[in-house]
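# Structural description and commentary
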Amino acid sequence: MAFNGRVLSIAVSTLVAALGAAQAGRLLIVDAKVWDGSQYLEHTSVLVNNGVIVEIGKTITAANAEVVNAAGMVLYPGFIDAYTTSGLKLPDPATAAPARNTTDRAYASMWEANRKGIRSDLVAGDCFAPDFDPVVSFQNGVVTTLFAPGSGTIRGECSIARLGKPPVVLNKTFGQEISIRGGGGGGGAGGYPGSLMGIIALMRQTIYDAQGYSGEPKDAFLQNLQAAATGKEFSLFMADTSRDVHRALVLSKELGLKPIIVGGREAYQMAPVLAENKTPVIIRVDMGSEPSLTGDDTTPAEIRKERRDEWLERTTNLAVLLKARVPVALTSDGGRTDFLKNARNLLKYGVSAPEVLSALTSGGANILGLGSRCGSIKVGMDGDFVLMSANFEDDKSVVKAVIVSGKMEVVK
């Protein structure tokens, strides 16, 4: 192998020495085992120039390149966390509308200015916390993330960003996040909407209003919602139960929305319909602990068994969706710190390592509209990688570094 440049060893004992040496420009990773998205390539080198992969091969000559000796390491495309609410600082929700004369008008809790849980004016890419730190994501191999507001019923625009300090926004307005369960201001003791029926009614009417919005008078809620309401952007429905997945699909068909299901713990029960409609699912990978059959004496044995059987059935989620050819990606929601561990645990539930890797890389990239630039290691793709100590499926394998747009970030 021929190369001409400064060599940066990333052996465990000298890993920190590489930090900061390989900046954006020309970066040559040599002698790695490379997962290109479909197969492993042994003793392979990858050259990145100005953040883009320009050459892949056994022998690469690259003058004036920073060189990372990755012998014994495995190089993967940067992992994608397809949904998170972490790292944002949202403004406080609007206060309730003032009381109105109720002799000839609807109660204040029922009129159109009362938008409990309607936060469509928010844009996640405008709300990064001042102290945003991607270290936890880097420790889990995550380079690209979809950020979502995570509060309310119609929650605001989701934004896609490449991680860093600060993140680099790749798509500021990917789609609106929607939760038919309300959450964070969708109802409760404060009056309408205080039930599932009320939340759905308010959501439906707001979407209809956005579809017919002409731009006057100026209304940031309707203006930001209009693209999703007219099917020009995605609507990301938070839906875990099969009933909520069904509701999301029915509402999307009625209103002309382009749905993506997020969470989807019971999405496998709707796999045929999801496949028929080509509806993507961003799966929450934190399965939780297996329910015990030997619980306390106050819980009947048959109930303990039922809980365990339900949990075991849910663990088949990804396998069933993949078999049905439903597009899938993974979210760290509910277990951000253990995202990589939880993703690896999926191997216990009827899926292969290539299938999980695909959901972490190309699957997420395709769902997020980034398939032409990330999710695999090919010439012309972004120079975003994860360097691991061994194959992903090895329980002892850990992330040693991530490379973000050709810049190395050593993981400690």
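Refer to the structure above for everything that follows.
In this report, the structure presented in the accompanying data block is examined. Since we're looking at a predicted model, the values are computed, not measured.

### A look at the overall build of the chain
The helix and strand inventory of the chain stands at ten helices and 17 strands. In the chain, buried positions account for 50% of the 412 residues. Relative to all contacts within the chain whose residues are 6 or more apart in sequence, the contacts with residues 24 or more apart total 68%. Accessible surface, the chain: about 18,200 Å² in total, of which carbon and sulfur atoms supply 50%.

### Here's the deal with the nonpolar core
F79 and L274 are the most contacted members of the largest nonpolar core, which totals 67 residues. Once residues within four sequence positions are removed from consideration, F79 is found in contact with N140, G141, V142, V143, T144, L340, L357, L360, T361, V386, M388 and F392.

### Comments concerning the pattern of salt bridges
Counting across every chain of the model gives 15 salt bridges. Across the salt bridge formed by D244 and R181, the nearest N and O atoms sit 2.9 Å from each other. One end of the pair, D244, is in helix α4 (residues 242-255); the other, R181, is in the loop between β10 (168-179) and α2 (196-211), and 63 residues separate them in sequence. Among the residues examined, D244 registers a relative accessible area of 5% and is labelled buried. A salt bridge links R308 to E290, with the nearest nitrogen and oxygen atoms 2.8 Å apart. Of this pair, R308 sits in helix α6 (residues 301-314) while E290 sits in the loop between β13 (281-284) and α6, placing them 18 residues apart in sequence. Residue E290 is classed as partly exposed on the basis of its relative accessible area of 41%. Look at the salt bridges and you will find they share partners, linking R162, R373, D382 and D384 into a network.

### Notes on unusual backbone geometry
Here K165 and P166 are connected by a cis peptide whose omega angle stands at 0 degrees. With respect to the helices and strands, the residue P166 is situated in the loop between β9 (154-162) and β10. That bond from E216 to P217 is cis: its omega, -10 degrees, falls within 30 degrees of zero. In this structure, P217 sits in the loop between α2 and α3 (220-229). Phi at N50 is positive, roughly 50 degrees, even though this residue is not glycine.

### A look at the pairing of strand β12 (residues 258-263)
Across the six residues of β12, five count as buried, placing the element largely inside the fold. One ladder, built from six bridges, connects strand β11 (residues 234-239) with β12; its direction is parallel. Paired with S235 across the bridge in β12 is P259. For the crossover that starts at β11, traverses α4 and ends in the parallel β12, the hand is right-handed. Sheet analysis places β12 next to β13, joined by three bridges and oriented parallel. Pairing of V262 across the sheet is with I282, part of β13. At this point the chain moves from β12, through helix α5 (residues 271-277), to the parallel β13, and the crossover so formed is right-handed.

### Topic: the environment of Y268
Mapping Y268 onto the fold places it in the loop between β12 and α5. Classification of Y268 as buried rests on a relative accessible area of 10%. Y268 sits 47 residues away from T315 along the chain, and the two C-alpha atoms are 9.7 Å apart. Setting aside residues up to four positions removed in sequence, Y268 forms contacts with E313, R314, T316, N317, V320 and L321. There is a polar contact of 3.2 Å between the side chain of Y268 and the side chain of Q269. A polar atom in the side chain of Y268 sits 2.7 Å from the side chain of E313.

### Some details on the packing of α2 against α4
The contact between α2 and α4 brings their axes to 11 Å, and the two run at 30 degrees. Compared by their axis directions, α2 and α4 come out roughly parallel. Seen from above, α2 lies across α4 with right-handed handedness. In this structure, α2 contributes L196, I200, M203, R204, I207, Y208 and Q211 to the contact, and α4 contributes R247, L251, E254 and L255. Classifying every residue of the contact of α2 with α4 by side-chain character gives seven nonpolar, one polar and three charged.

### Notes on helix α9 (residues 353-360)
Those residues of α9 lying buried are A353, V356, L357, A359 and L360. Buried residues of α9 fall within an arc of 160 degrees about the axis and therefore sit on the same side.

### Structural notes on the environment of V168
Here V168 lies in strand β10. Among the residues examined, V168 registers a relative accessible area of 44% and is labelled partly exposed. Note: C-alpha distance between V168 and G125 (43 residues apart in sequence) is 9.2 Å. Those residues within four positions of V168 in sequence are excluded, and the remaining contacts are I160, A161 and R162.

Rules used throughout
- Residues numbered from 1 in each chain as written.
- Predicted model: local features only at pLDDT ≥ 70, side-chain atom pairs only at ≥ 80, totals over all residues.
- Heavy atoms only, no water.
- Helix = DSSP H or I, 4+ residues; strand = E, 2+ residues; numbered from the N terminus.
- Buried < 20%, exposed > 50% of the residue type's maximum accessible area, 1.4 Å probe, protein only.
- Contact = heavy atoms within 4.5 Å.
- Areas by Shrake-Rupley, 256 points an atom, 1.4 Å probe, with all protein chains shown as cover.
- Core = buried A, V, L, I, M, F, W, Y, C linked by side-chain atoms within 4.5 Å.
- Salt bridge = Lys/Arg side-chain N within 4 Å of Asp/Glu carboxyl O.
- Pairing = 2+ DSSP bridges.
- Right-handed = clockwise from strand over helix to strand, strands pointing away.
- Polar contact = N/O pair within 3.5 Å; in protein donor to acceptor, adjacent residues only side chain to side chain.
- Axes fitted to C-alpha atoms, helices over the stretch in contact; angles between N-to-C directions.
- Parallel < 35°, antiparallel > 145°, perpendicular 65-115°, else oblique.
- Left-handed = near helix turned anticlockwise from the far one by under 90°.
- Nonpolar A, V, L, I, M, F, W, Y, C, P; charged D, E, K, R; others polar.
- Arc of directions from axis to C-beta.

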